[in-house]
Amino acid sequence: MTDPYVKPIESLLVDPSLFTAPYDAALTAGLVAAGVESTWATRPQRQNDRQEIPVERVDAFFYRRVDEALSLPRKLRAVAKGLSHIAGLCVLVARVIARKPDVVHFQWTVVPPVDGIAIALIRLFRPVVLTVHDTVAFNGERISWFQNLGFDWPIRQADRLIVHTRTGRQTLIDRGVPADKVAVIPHGPLRLHVTPPTPEAIADRDPRWTFVLFGEIKPYKGLDLLVEALAALPAATRLKTRLVVAGRPRMDMAPIEARIAELDLGSVIEIRARRQSEEEMALLFAQADCFVFPYHQIDASGVYFLTKAFSKWMIASRVGIFAEDMREEIDGRLIPVGDVAALAEALGHAIEARPSGALPQASDSWTAIGHQTRALYESTMQSHARRLSPPART
């Protein structure tokens, strides 16, 4: 509940592509509890998408005409979306000038060079906070030269920065960002919004030990390493093993599928190459024995904060949030990044020992995260006001 004696703050938050709608919705609840009136600048809701952020808090003016323009050729669609992004930023700047929010909070920079220009313009009128979810550009995956160009420029333009891990903060400091500009505010727990599956549905499962790699399938998530590690297991162990890869592909799957066939792992690996409904997620997570995160690179992971509530064993690379949050041999096992042999050993141990994960520790609540974010807003507003104030006469 909002404290009636706390002066409200108006925040305009920006997630043009709705990259992290569940996170956005949870953060909104925390901010409202802390007395921050939040409005989101986003794209329109897509067909079959769940309305995560309360509709009354959404101003969906990004990509209105091109977000689902599937009739356009692929390359032309990318150009149209880029131009639409620039148009959306112009609308955003106009909204800031007209509505005068206390602070503008960018969650993502989609096209860093033009986003940096928008941030610089907005800073002439209002303080700007930027959450750097990924301190390495798009977690090292291949992106267009235009997206990669000037990745750090918006970071340097913003008044204050938020990261979710101590490692992420140090990464930015090592790149020359002043230490007092970077605040660590944790990522909170995420949850599904569906009725849990029945015990009968959960019991109707494959008897093999089931590993799950969940989320959009991208190069940095290490599916290539997982395939090689499964192939390295003894044949008798593989007979007791199943891997479900579930998520919308964001990479060319042909080389992975060819490698799976070459290694004769077709009976071991099941790829559900599409976005999963929340009902499908709930059943998959309930039937999973172990969640795997053999990531090449990560700061914070929404999938990790969604799945950790299920108290299943986890195997993850010793990087980012996994290294900082997982309790070794209690929540699961950490392995060196890119080490196929260590990954194979961890998989084999899980299959034979069948460990269960511990009950999750009390996570940072979204209310606490909302109050931390509000405190950052307040200090940023004060420093921005001082920067714009004329010097005192002597």
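Above this text you will find the structure in question.
Predicted, not measured: the structure shown is a model, and the values here were computed from it. (Residues numbered from 1 in each chain as written. Predicted model: local features only at pLDDT ≥ 70, side-chain atom pairs only at ≥ 80, totals over all residues. Heavy atoms only, no water.)

(A) Representation of the packing of aromatic side chains within the structure. What the rule picks out here adds up to 15 aromatic pairs. Residues Phe61 and Phe62 carry aromatic rings whose centres are separated by 4.9 Å and whose planes lie at 25° to one another, so their mutual orientation is stacked. Of the two residues, Phe61 and Phe62, neither departs from the other in class, the shared state being buried. An aromatic cluster of at least three residues, connected via ring pairs, comprises Tyr220, Phe293, Tyr295, Tyr304, Phe305 and Phe322. The aromatic ring of Tyr63 is capped on one face by Lys81, whose charged end is 4.9 Å from the ring centroid. (Phe/Tyr/Trp six-rings, centres within 6.5 Å; stacked < 30°, edge-to-face > 60°. Buried < 20%, exposed > 50% of the residue type's maximum accessible area, 1.4 Å probe, protein only. Lys NZ or Arg CZ within 6 Å of the ring centre and 35° of its normal.)

(B) Quick peek at the sheet that holds strand β10 (residues 269-272). Reading across from one edge, β10-β9-β8-β11-β12-β13 is the order of the 6 strands in this open sheet, with parallel pairing throughout. The open sheet is flanked by β10 and β13 (332-335), the only strands paired with a single partner. Direction aside, the axes of adjacent strands within the sheet are offset by 20° on average. On top of the sheet, helix α11 (residues 278-287) reaches β8 (209-214), β9 (241-246), β10 and β11 (290-293); it is set at about 140° to β8, its chief contact. (Pairing = 2+ DSSP bridges. Helix = DSSP H or I, 4+ residues; strand = E, 2+ residues; numbered from the N terminus. Axes fitted to C-alpha atoms, helices over the stretch in contact; angles between N-to-C directions. Contact = heavy atoms within 4.5 Å.)

(C) Examining the pattern of salt bridges more closely. This structure, assessed with the given rule, holds 27 salt bridges. One salt bridge connects Arg166 with Glu324, and the closest N-O pair in it is separated by 3.8 Å. Placement of Arg166 in helix α6 (residues 166-174) and of Glu324 in helix α13 (residues 320-325) is noted, with a sequence separation of 158 residues between them. Judged by relative accessible area, which is 23%, Glu324 ranks as partly exposed. With its nearest N and O atoms 2.9 Å apart, the salt bridge here joins Glu378 to Arg374. Linking Glu378 with Arg374, this pair stays in helix α15 (residues 366-388), spanning 4 residues, or about one helical turn. (Salt bridge = Lys/Arg side-chain N within 4 Å of Asp/Glu carboxyl O.)

(D) Spotlight on the pairing of strand β1 (residues 9-14). The element β1 is largely enclosed, with a buried count of 5 among its 6 residues. What joins β1 to strand β2 (residues 36-41) is helix α1 (residues 21-33), and the crossover it makes is right-handed. (Right-handed = clockwise from strand over helix to strand, strands pointing away.)

(E) Representation of α15. A rise of 1.5 Å per residue sets the reference length of α15, with its 23 residues, at 33 Å; its end C-alpha atoms lie 32 Å apart and thus fit the reference within 8%. Along α15, the positions that sit buried rather than exposed are Trp366, Ile369, Gly370, Thr373, Arg374, Leu376, Tyr377, Thr380 and His384. (Expected span 1.5 Å × (residues − 1).)

(F) Region of interest: the environment of Gln276. If you trace the backbone, Gln276 turns up in the loop between β10 and α11. C-alpha separation for the pair Gln276 and Gly247, spaced 29 residues apart in sequence, amounts to 6.4 Å. The residues contacting Gln276, other than those within four sequence positions of it, are Phe214, Ala246, Gly247 and Met281. At 2.9 Å, the side chain of Gln276 forms a polar contact with the backbone oxygen of Arg274. (Polar contact = N/O pair within 3.5 Å; in protein donor to acceptor, adjacent residues only side chain to side chain.)

(G) Examining a nonpolar patch on the surface more closely. Together, Ile97, Ile117, Leu121, Leu124, Phe125 and Trp153 make up a nonpolar patch on the protein surface, roughly 540 Å² of accessible area in all. As for its placement among the helices and strands, Ile117 is situated in helix α3 (residues 112-122). Accessibility expressed as a relative area gives 43% for Ile117, which makes it partly exposed. (Patch = residues over 30% accessible without salt bridge, like charges linked within 9 Å, V, L, I, M, F, W, Y side chains within 5 Å. Areas by Shrake-Rupley, 256 points an atom, 1.4 Å probe, with all protein chains shown as cover.)

(H) Representation of the sheet that holds strand β6 (residues 160-163) in the model. Strand order in the open sheet formed by 7 strands is β3-β2-β1-β4-β5-β6-β7, and the pairing between neighbours is parallel. Looking at strand neighbours, the two that pair on one side only are β3 (58-59) and β7 (182-184), the edges of this open sheet. The sheet contact formed by β2 and β3 spans 2 bridges and is parallel. Bridge pairing in β3 places Trp40 opposite Val58. Against the sheet, α1 engages β1 and β2, with an angle of about 155° to β2. With respect to the sheet, α15 is in contact with β1, β2, β4 (103-106), β5 (128-131), β6 and β7, its orientation differing from that of β1 by roughly 100°.

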